[in-house]
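Residue strings, one per chain:
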Amino acid sequence: MKLVLSLGYLQGYKKVILLLIEMSCAIIGLSRRAYYYQPKLQDDSVIMSVLSAITDKHLRWGFPKCFNRLRKLGYKWNHKRVYRVYCELKLNLRVKCKQRISPRSPER
C-alpha cells in the first residue's frame, strides 16, 4: 500500500516539476527544448591527424586539394569543419601575388 502511494506521489511530483520548468521557461521566453539541450562536443583529433599526414606528404597543397584527397579517401566531413581545423593547424599557405614588371622605357 505504501509503495503504491509513494509511486503516485512521485508521479505527481514529476508533474509539478514539469509544470515549474514549463512556467519558468514561459516567463523567460525560452522553449523547453532549449532548456534541455546539451550540445555535442566534436572531436577533431581524427581530422587533425589525417590533415597533418596529407600535408606532410604534399607540402605545397592548399586546402582544396587536401579536401579533395580527404573525399577520395572516403571521409565525409563538412568542408567548413575541415577548413576550420585546417586553419587551426596553421596550414594556410601564403598567397603570392604576381610581381609587377616595370614598363619598358620607349627607345628614343
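It should be noted that the structure appears before, not after, this text.
The notes below deal with the structure included here. No experiment lies behind these values; they were computed from the predicted model shown.

Side note on the side chain of Asp 44
Tracing the backbone shows Asp 44 in the loop between helix H2 (32-36) and helix H3 (45-57). If we skip the residues at most four places from it in the chain, Asp 44 touches Arg 81, Arg 84 and Val 85.

Notes on the packing of aromatic side chains
Summed over the entire model, instances satisfying the criterion amount to six aromatic pairs. Consider the rings of Phe 63 and Tyr 86, whose centres lie 5.4 Å apart with planes at 65 degrees: the pair is edge-to-face. Taken together, the residues Phe 63 in helix H4 (residues 63-72) and Tyr 86 in helix H5 (residues 79-88) connect sequence positions 23 residues apart. A relative accessible area of 16% places Phe 63 in the buried class. Exposure remark for Tyr 86: the relative accessible area of 2% places this residue in the buried category. Relative to Trp 77, the ring of Tyr 75 has its centre 4.5 Å away and its plane inclined at 5 degrees; by these criteria the two rings are stacked. Owing to a relative accessible area of 15%, Trp 77 belongs among the buried residues under this scheme.

With respect to the side chain of Thr 55
You can see Thr 55 is positioned in helix H3. We classify Thr 55 as buried; its relative accessible area is 9%. Polar contacts involving the side chain of Thr 55 include one to the main-chain carbonyl oxygen of Ser 52, which spans 3.2 Å. Setting aside residues no more than four positions away along its own chain, Thr 55 makes contact with Cys 66 and Leu 91.

Thresholds, definitions, all that
Residues numbered from 1 in each chain as written. Predicted model: local features only at pLDDT ≥ 70, side-chain atom pairs only at ≥ 80, totals over all residues. Heavy atoms only, no water. Helix = DSSP H or I, 4+ residues; strand = E, 2+ residues; numbered from the N terminus. Contact = heavy atoms within 4.5 Å. Phe/Tyr/Trp six-rings, centres within 6.5 Å; stacked < 30°, edge-to-face > 60°. Buried < 20%, exposed > 50% of the residue type's maximum accessible area, 1.4 Å probe, protein only. Polar contact = N/O pair within 3.5 Å; in protein donor to acceptor, adjacent residues only side chain to side chain.

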